[in-house]
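Residue-level structural notes
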Amino acid sequence: MMENVGREVYRVLDDGRITCFVIDDTLINGEKYPIVADIIKIMINIGFKYKERITWIKPEGYVRIGRRSGVLLQHPFPMYYYPDNIQESIIIM
């Protein structure tokens with residue numbers, strides 16, 4: 001899917017323009033995947049030039065949503081941990 005998006009963005013961008021992807025590693029069925037590296041590789045293969053990765057730390061007091069919250073749940077499984085993504089990466093291509 002991201003390859004299709006990248007090809008279309010690459011097609012419509014004028015020379016000298018940049019695109020940014022706001023992403024970070026993701027958790028799927030309890031396993032963490034380094035999709036930042038995957039997206040960079042996909043975009044380079046399409047023809048983008050990798051310029052920079054900016055790490056954005058979310059502000060204090062950031063409202064966490066649902067299962068992405070890094071809290072220790074008490075029910076139904078005591079001490080079950082969902083990692084909290086308090087940062088995101090901004091990839092500049």
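Parameters at a glance
Think of each chain on its own: its residues are numbered from 1, step by step along the sequence as written. Predicted model: local features are reported for residues with pLDDT of at least 70 only, side-chain atom pairs are reported and counted for 80 or more only, and whole-chain, interface and lining totals are derived from all residues. Side-chain calculation: all heavy atoms of the structure are included, whereas hydrogens and water are not. A 1.4 Å probe rolled over the protein chains alone gives each residue an accessible area, and that area as a share of the maximum for its type sets the label: buried under 20%, exposed over 50%, partly exposed in between. Segments assigned H or I by DSSP are reported as helices when at least four residues long, segments assigned E as strands when at least two residues long, and all are numbered from the N terminus. Strands pair, by our definition, only if DSSP identifies at least two bridges between them. The predictor attaches a confidence to each residue, and that confidence, scored 0 to 100, is pLDDT. Contact between two residues is taken to exist if any of their heavy atoms lie within 4.5 Å; hydrogens are not considered. Each Phe, Tyr or Trp ring, with Trp reduced to its six-membered ring, pairs with another whose centre is within 6.5 Å; inter-plane angles below 30 degrees give stacked pairs, above 60 give edge-to-face pairs, and intermediate values give tilted ones. A side-chain nitrogen of Lys or Arg and a carboxyl oxygen of Asp or Glu constitute a salt bridge if their distance falls within 4 Å.

Below, the discussion takes up the pairing of strand β1 (residues 20-23). Burial along β1 is one-sided: the face carrying F21 and I23 is buried and the face carrying C20 and V22 is not. Direction of pairing for β1 relative to strand β7 (residues 87-92): antiparallel, over a ladder of four bridges. Opposite V22, over in β7, you have I90 as the bridge partner.

Here the protein chain averages 80 in pLDDT, and 72% of its residues register 70 or above. Between the elements of the protein chain, mean pLDDT differs from a low of 46, seen in strand β5 (residues 72-73), to a high of 95, seen in helix α1 (residues 2-12). Segment residues 67-75 is flagged for pLDDT under 50; beyond a separation of four residues in sequence, or across chains, it makes 23 contacts in the model.

On to the packing of aromatic side chains. Under the definition given, this model contains one aromatic pair. On the numbers, 5.1 Å between centres and 75° between planes, the contact of Y10 with F48 is edge-to-face. Of this pair, Y10 sits in helix α1 while F48 sits in the loop between α2 (35-46) and β4 (52-57); the two residues are 38 residues apart in sequence, bridging distant segments of the chain. By relative accessible area, which is 40% here, Y10 ends up partly exposed. Residue class for F48 comes out buried when judged on its relative accessible area of 7%.

Right, let's get into the pattern of salt bridges. Counted under the stated rule, the structure contains three salt bridges. Linking R7 and E3 is a salt bridge whose minimum nitrogen-to-oxygen distance equals 2.6 Å. Residue R7 and its partner E3 are both found in helix α1; the two are separated by four residues, about one turn of the helix. According to the relative accessible area criterion, R7 is partly exposed, its value standing at 44%. Overall, E3 belongs to the partly exposed group, its relative accessible area being 37%. In this structure, R11 engages E8 in a salt bridge whose closest nitrogen and oxygen atoms are separated by 2.5 Å. Note that R11 and E8 are positioned in helix α1 at a spacing of three residues, about one turn of the helix. Judged by its relative accessible area of 40%, E8 falls in the partly exposed class.

Along a regular strand, successive side chains alternate from one face of the sheet to the other. Pairing of β4 with β7, which is carried by six bridges, proceeds in the antiparallel orientation. Residue I57 lies in a different strand from β7, and its bridge partner there is Q87.

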